[in-house]
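# Structural description and commentary
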Amino acid sequence: MSFSSETKKEIAAALPDKVCCRAAQLYGMLEFGHAFDREEISLQTEQEAVADVYDHLLPRLCGIPAPQRDTLRRRVTLQQSRIPDAAHRQKVLERFGHSGSEISLRLNRANLDCDGCARALLRGAFLACGAVTDPEHDYHLEFSVPHYNLSRDLLALLREVDFPAKTVTRSGSYIVYIKESERIEDCLTYLGAQKAALEMMGVKMVKSIRNDTNRRINCESANIDKTVQATALQVEAVRKIEETVGLSALPPELQALAQLRLDNPDMSLRDLGAALEPPISRSGVNHRLQRILAFAEKL
Ligand SMILES: [Zn+2]
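Presented here is an overview of the structure given in this document.

Each value, and the rule that gives it
Residues numbered from 1 in each chain as written. Predicted model: local features only at pLDDT ≥ 70, side-chain atom pairs only at ≥ 80, totals over all residues. Heavy atoms only, no water. Helix = DSSP H or I, 4+ residues; strand = E, 2+ residues; numbered from the N terminus. Buried < 20%, exposed > 50% of the residue type's maximum accessible area, 1.4 Å probe, protein only. Contact = heavy atoms within 4.5 Å. Core = buried A, V, L, I, M, F, W, Y, C linked by side-chain atoms within 4.5 Å. Pairing = 2+ DSSP bridges. Donors = N, O, S within 2.8 Å, 3.2 Å for Na, K, Ca; no water. Tetrahedral: all angles 85-135°; square planar, octahedral: opposite > 155°, others 65-115°. Patch = residues over 30% accessible without salt bridge, like charges linked within 9 Å, V, L, I, M, F, W, Y side chains within 5 Å. Areas by Shrake-Rupley, 256 points an atom, 1.4 Å probe, with all protein chains shown as cover. Salt bridge = Lys/Arg side-chain N within 4 Å of Asp/Glu carboxyl O. Lys, Arg positive; Asp, Glu negative; His and termini not counted. Charge placed at Lys NZ, Arg CZ, Asp CG, Glu CD. Axes fitted to C-alpha atoms, helices over the stretch in contact; angles between N-to-C directions. Phe/Tyr/Trp six-rings, centres within 6.5 Å; stacked < 30°, edge-to-face > 60°. Lys NZ or Arg CZ within 6 Å of the ring centre and 35° of its normal.

Structurally, T7 is set in helix α1 (residues 3-12). Its relative accessible area of 0% is what places T7 among the buried residues. In contact with T7, not counting residues within four places along its chain, are F126, V132, L188, A193 and A196.

Written as structure tokens, this is what we have:
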């Protein structure tokens, strides 16, 4: 199951306690669902649990029979719940203060009673038209709204509850979206998907550890490359001296080190220093190697 489906299932599993909030959630599902007018009231969803909530709340809050449920085989399999009877549709529209013949569908704020109703409405809207991308791939939460003014009303409501969202148009729909991972986590928690929010935080943590490790490995291998390169230059310099003027041409304190480097190209500077008689420090070795390189340079 996709991350989005899991999130919706989690939200769908719990209903708000208060009746006003349940009605607000249903209102969100109706208005942001597939259709909400006199000709058609329907919800289309990939998630059976979401359609179940719609079917559960409609008869209880609007006094109509349970909606008709169909399975639609499209690109994906969809559950469709719709109200086939015109009189029942009218009853539902009136229950939420709509005529069903509005030119432009707007959010009717009269359906928000208590402090919790906005959250409930947003839960319903997310169930009906929301999606959240798997955090393994990207951070993106969106509501896909078919009506422009309704998308503006949603944007305003989200802003009021401290979720500033952005909008973009995609194939005739108005997308209201949030990108920042922390905002998405907060929004998921707000909508009642705590498990999804925690999962997202977990994925983020693993990703950041993975990135840190990769960065460190890259850094280490770059250092190893540098060491290998430096050693190769030293060996080359010593060979050049040996083949031209002979190692005996070097000042005495450099001769032993040059021979040692030639015999042990893999030895670290510290070990080279320890192998000398008398032993010298790592930086002492480094200094003498620089002098050997300079000597070879002049040849
Ligand atoms: Zn309420």
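Picking up after the structure, the text goes on.
Let us look at the nonpolar core. One finds L26, L30, F32, L58, V92, F143 and L188 to be the most contacted residues of the largest nonpolar core, which totals 63 residues. When residues of this core are assigned to their parent elements, the largest contribution, ten residues, is made by helix α5 (residues 117-129). Apart from residues no more than four positions distant in its own chain, F32 is found in contact with L107, L121, A125, A128, C129, V145, L150 and L154. If you look at the next biggest cluster of nonpolar residues, it comprises 18 residues, including I241, L250, L269 and I292.

Okay, the pairing of strand β6 (residues 141-145) next. Of all the five residues making up β6, four are buried; the element is thus mostly covered by neighbouring parts of the structure. Pairing analysis gives three bridges linking strand β5 (residues 130-132) to β6, with the strands arranged antiparallel. By the bridge assignment for β6, G130 is matched with F143. With five bridges connecting them, β6 and strand β8 (residues 173-178) associate as antiparallel partners.

The zinc ion binds to the protein through C20 (SG), C21 (SG), C114 (SG) and C117 (SG), with metal-donor distances spanning 2.3 to 2.4 Å. Angles of 96 to 118° at the metal separate the four donor atoms of the zinc ion, which places the site in the tetrahedral class. The exposure class assigned to C20 is buried, which follows from its relative accessible area of 19%. According to the relative accessible area criterion, C114 is partly exposed, its value standing at 21%.

This paragraph deals with a negative patch on the surface. Taken together, the side chains of E6, D134, E136 and E199 define an acidic patch exposed on the protein surface. Within the secondary structure layout, E6 lies in helix α1. The class for E6 is partly exposed, based on a relative accessible area of 37%.

This next bit is on the sheet that holds β5. Overall, antiparallel pairing links the four strands, which are arranged β5-β6-β8-β7 in an open sheet. The open sheet is flanked by β5 and β7 (166-170), the only strands paired with a single partner. Each strand of the sheet is rotated relative to its neighbour by a mean of 25°, with strand direction disregarded. Pairing of β7 with β8, which is carried by five bridges, proceeds in the antiparallel orientation. Bridging from a neighbouring strand, T169 pairs with Y174 of β8. In the packing of α5 onto the sheet, the strands contacted are β5 and β6, and the crossing angle to β6 comes to about 80°.

Moving on, we come to the packing of aromatic side chains. Tallied over the entire structure, the rule returns four aromatic pairs. Judged by centre distance (5.2 Å) and plane angle (20°), the rings of Y27 and F96 are stacked. Taken together, the residues Y27 in helix α2 (residues 19-31) and F96 in the loop between α4 (86-95) and α5 connect sequence positions 69 residues apart. Note on accessibility: Y27 and F96 belong to one class, buried. Across from the ring centre of F96, 4.9 Å away, lies the NZ or CZ of R95, which sits over that ring.

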